[in-house]
Amino acid sequence: MKDYRFETECIHAGYKAESGQPQVLPIVQNTTYRYYNGEDVAKLFDLESADFMYSRLGSPTVSALEEKMAKLEGGTAGIATSAGQAANLITMLNICQCGDHIVSSSAIYGGTHNLFNVTLKKMGIETTFVDQDAPIEEIRKAFKPNTKALFAESLGNPALCVLDFEKFSTLAKEAGVPLVVDNTLASPYLCRPLEHGADIVTHSTTKWADGHATSVGGMVVEGGNFDWNKYADKFPGMVEPDESYHGLKFYEKFGNTAFCTKLRAQMLRDLGCTMSPMNAWLTFQGLDTLPLRMERHSENAYKLAKFLENHPKVDWVIYPGLEGNKHYELAKKYLPKGASGVLSFGVKGGRKAGEEFLENLELASIVVHVGDIRTSVLHPASTTHRQLSEEDQIKGGIRPELIRVSVGCESYEDIEADFAQALEKVK
Ligand SMILES: *Cc1c(COP(=O)(O)O)cnc(C)c1O
C-alpha cells in the first residue's frame, strides 16, 4: 500500500475492504482455519507459510491491528499481546535467558519494575536500575559482559521523565544491545522511538491506543535495523538453529522481521499471551482517532497544568510540557506535538488535603488508569501505594500529597471548573 501521512494511516492502515466487503474491519471470532491437504498444514508448522493456523498464533482481526501499529511506529512488524505486561515480558524473554542481565531506567511503570525486579529475577535474569538523568559515564558503569538489553520509557509513568534518546541509543550501540522503549504514555502520534535510535518498541495498548478504557492489551513493534549477526555470541536465540523448528535460524531466514517471527513462533506458541479478536477490534477502532485525541489530551493537560501552577492551594505541578519543568527541553525535542495527557500535582496540606480534594471532584473519576477520554485521577498514597509507610512512599517518588491526573477530552472549561471547585472546598 502507498504511504500516507500519520493521520491518514491511523484511519486506513491495516485493513482495506475489497469490492462488496465490509467497509469496517470485521471481528473474526474463531480458533482455527480449514485446509484441504496435509502438505499445506505441514508448511504452517515449518514456518514456510504465514497463513493462519490456530488463533493462539495469530488471527485476521489481531493481524490487522499488528499491521496498523507497526505502520504507525514506522516498524517492520508487530505482535499483539494479551496485556502491556505480556509485551514487555515476551520482549525480554525473546532476548534474554537465565544468566543474562538487563539495564533499565528506574523511572518506569511500577508493573514493569516488578516484572524485572521480582519475576525475571526468579528466572535468573538480573536487572540493574539506573537514574536515566544521570551523566552517560555513570549509566555506562551498569553494563556488564552479560547485558543483553537496555530498557526505558519514552515518557515515564508516573514520574513523567522524558527519555534522552540520544544518550540511551549511544549507550545501547556501545554495548551492542537493543534499546527497548515502552512508548505507552507518548503514543506514536507524539513520539516515534524508532526514529530516535530505539530498536524495539513496546506498548500497553490499554492506555492511549485503545483510548476508551475498554480493552487490556499490548504490542511489540520491531524496528528491523538491529544486526543480530554482528553480536551473534550474545543472541544465540536469534542466530543459532532452533531445535523446535528443525534447526531453523530466525535472523537468517526472516531478516528484518526475525524478532517478531520468533516472538510469534516461540513466545505466543509456548506462553499463550495472545490478544483476543474483540480486544484487537476495539483497539483498532481506537487508533482511528489517536491524533485527534492526543492533540486534545495534550492541550487540556497543558492548560490544566498552567491553571494548577498558579493556584494558591497547589504546592507544585509536574508536567514536562510546562516551561520550567526539569524535562522541558527534552520534551520540546522529543515530544514536539504535545507532552501527552498525564500530569501530577500536590495540594497544600499533605495527604489529608489530597484525599479531601479527590472526594470533592464531580466530573473527574477516581480510577486506576490513564489514557481514557474521561478525566481520571488517583491519589497513590491512599490507594495503589497505601501499604507502604510514608517514608517508603517518598523513597519511591510518591509524595503523600501527590495526585496523578490523566486529563481527558472533555471541554477544558468543564475540567478546570471541576478542579477549581474541588480545590476551593479543601480546608
Ligand atoms: C499500564 C502500563 C503497562 C502495563 O500494561 P497493561 O496493559 O496494564 O498490562 C506497561 N507500561 C506502561 C508504561 C504502562 O503505563
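Residues numbered from 1 in each chain as written. Predicted model: local features only at pLDDT ≥ 70, side-chain atom pairs only at ≥ 80, totals over all residues. Heavy atoms only, no water.

### Observations regarding the site of the ligand
Okay, step 1: Around the ligand, the structure places 14 residues, and the nearest of them are Gly84, Asp182, Ser204, Thr206 and Lys207.
Okay, step 2: Between the ligand and Gln85, the relevant distance is 2.9 Å, taken from an oxygen atom to a main-chain nitrogen or oxygen of the residue.
Okay, step 3: Between the ligand and the protein, one listed contact pairs an oxygen atom with a side-chain N or O atom of Ser204 at 2.8 Å.
Okay, step 4: Here the ligand, which alone exposes 380 Å², has 92% of that area covered by the protein.
Okay, step 5: For the shell around the ligand, the per-class residue count stands at three nonpolar, eight polar and three charged. (Near = heavy atom within 4 Å. Polar contact = N/O pair within 3.5 Å; in protein donor to acceptor, adjacent residues only side chain to side chain. Areas by Shrake-Rupley, 256 points an atom, 1.4 Å probe, with all protein chains shown as cover. Nonpolar A, V, L, I, M, F, W, Y, C, P; charged D, E, K, R; others polar.)

### Quick notes on the sheet that holds strand β9 (residues 342-347)
Okay, step 1: The five strands lie next to each other as β8-β9-β12-β11-β10, forming an open sheet whose pairing is mixed. The outermost strands of the open sheet, each flanked by one partner alone, are β8 (314-318) and β10 (365-366).
Okay, step 2: Here five bridges tie β9 to strand β12 (residues 402-406), and the two strands are oriented antiparallel to one another. Each residue of the ladder has a partner; that of Phe345, found in β12, is Ile403.
Okay, step 3: Its contacts with the sheet place helix α15 (residues 350-360) against β9, β10, β11 (376-378) and β12, and it is angled at close to 120° to β9. (Pairing = 2+ DSSP bridges. Helix = DSSP H or I, 4+ residues; strand = E, 2+ residues; numbered from the N terminus. Contact = heavy atoms within 4.5 Å. Axes fitted to C-alpha atoms, helices over the stretch in contact; angles between N-to-C directions.)

### Notes on the domain arrangement of the protein
Okay, step 1: Per the domain assignment, the segments of the protein are domain 1 (6-286) and domain 2 (291-424).
Okay, step 2: When each unit is reduced to the centre of its C-alpha atoms, the spacing between domain 1 and domain 2 is 29 Å.
Okay, step 3: Listed as interface residues are 31 residues of domain 1 and, on the opposing side, 32 residues of domain 2.
Okay, step 4: In total, about 2,600 Å² of surface goes out of reach between domain 1 and domain 2, with carbon and sulfur atoms giving 66% of it.
Okay, step 5: Of all residues in domain 1, Tyr189, Leu190 and Trp208 give up the largest surface area on contact with domain 2, accounting jointly for 31% of the area buried on that side.
Okay, step 6: Across the pair Lys333 and Glu166 runs a salt bridge whose closest N-O atoms are separated by 2.8 Å.
Okay, step 7: Remark: the boundary between domain 1 and domain 2 carries 12 residue pairs in polar contact (both at pLDDT 80 or more).
Okay, step 8: Those elements that provide at least two residues to the side of domain 1 that touches domain 2 are α1 (6-12), α7 (165-175) and α8 (187-190). (Domains from an automatic or database assignment. Buried area = accessible area lost by both parts, 1.4 Å probe. Salt bridge = Lys/Arg side-chain N within 4 Å of Asp/Glu carboxyl O.)

### Structural notes on the pattern of salt bridges
Okay, step 1: According to the stated counting rule, one finds 21 salt bridges in the structure shown.
Okay, step 2: Glu9 serves as the salt-bridge partner of Lys71, at 3.9 Å between the closest nitrogen and oxygen. Of the two residues, Lys71 is situated in helix α3 (residues 60-73) and Glu9 in helix α1; the sequence distance between them amounts to 62 residues.
Okay, step 3: Residue classification places Lys71 among the partly exposed positions, given a relative accessible area of 29%. (Buried < 20%, exposed > 50% of the residue type's maximum accessible area, 1.4 Å probe, protein only.)

### So, the sheet that holds strand β1 (residues 77-81)
Okay, step 1: Read from one edge to the other, the open sheet built from seven strands follows the order β1-β7-β6-β5-β4-β2-β3, with strand pairing classed as mixed. A strand with exactly one partner marks an edge of an open sheet, and here the two such strands are β1 and β3 (126-130). Neighbour-to-neighbour, the strand axes of this sheet turn through a mean angle of 20°, independent of strand direction.
Okay, step 2: Note that strand β6 (residues 200-204) and strand β7 (residues 218-222) share five bridges and pair antiparallel. Each residue of the ladder has a partner; that of Ile200, found in β7, is Glu222.
Okay, step 3: Helix α11 (residues 258-271) rests against β1, β6 and β7 of the sheet, and its axis sits at about 30° to β1.

### Things to note about unusual backbone geometry
Okay, step 1: That bond from Asn157 to Pro158 is cis: its omega, 5°, falls within 30 degrees of zero.
Okay, step 2: By the element assignment, Pro158 lies in the loop between β4 (147-153) and α7.
Okay, step 3: The phi angle at Leu47 is positive, at roughly 60°, despite the residue not being glycine.
Okay, step 4: Position of Leu47 relative to the elements: it lies in the loop between α2 (38-45) and α3.
Okay, step 5: The exposure class of Leu47 is buried, given its relative accessible area of 18%.
Okay, step 6: Even without glycine at this site, Leu160 takes up a positive phi of about 60°.

### Structural notes on the side chain of Glu9
Okay, step 1: Under the relative-accessibility criterion, Glu9 is labelled buried at 4%.
Okay, step 2: Separated by 2.8 Å, the side chain of Glu9 and the backbone nitrogen of Tyr4 make a polar contact.

### Observations regarding the nonpolar core
The tendency in soluble globular proteins is for nonpolar side chains to be buried side by side.
Okay, step 1: Formed by 54 residues in total, the largest nonpolar core has its most connected members in Leu150, Leu290 and Leu335.
Okay, step 2: Counting residues per element, this core draws most heavily on α3, which supplies six residues.
Okay, step 3: Filtering out sequence-adjacent residues up to four positions away, Leu150 remains in contact with Val103, Phe143, Phe168, Leu171, Ala172, Val177, Pro178, Leu179 and Val180.
Okay, step 4: Counting residues in hydrophobic clusters, the runner-up holds 42 residues, among them Phe116, Ala149, Val180 and Ala265. (Core = buried A, V, L, I, M, F, W, Y, C linked by side-chain atoms within 4.5 Å.)

### A word on the packing of helix α4 (residues 84-95) against α11
Okay, step 1: Relative orientation of the contacting elements α4 and α11 amounts to 110°, with a least axis distance of 10 Å. Viewed along their axes, α4 and α11 adopt a mutual orientation that is roughly perpendicular. Read as a crossing pair, α4 and α11 show a hand that is right-handed. Residue-level inspection shows Ile90, Thr91, Leu93, Asn94 and Ile95 of α4 in contact with α11, the latter providing Phe259, Lys262, Leu263, Gln266, Met267, Leu268 and Leu271. (Parallel < 35°, antiparallel > 145°, perpendicular 65-115°, else oblique. Left-handed = near helix turned anticlockwise from the far one by under 90°.)

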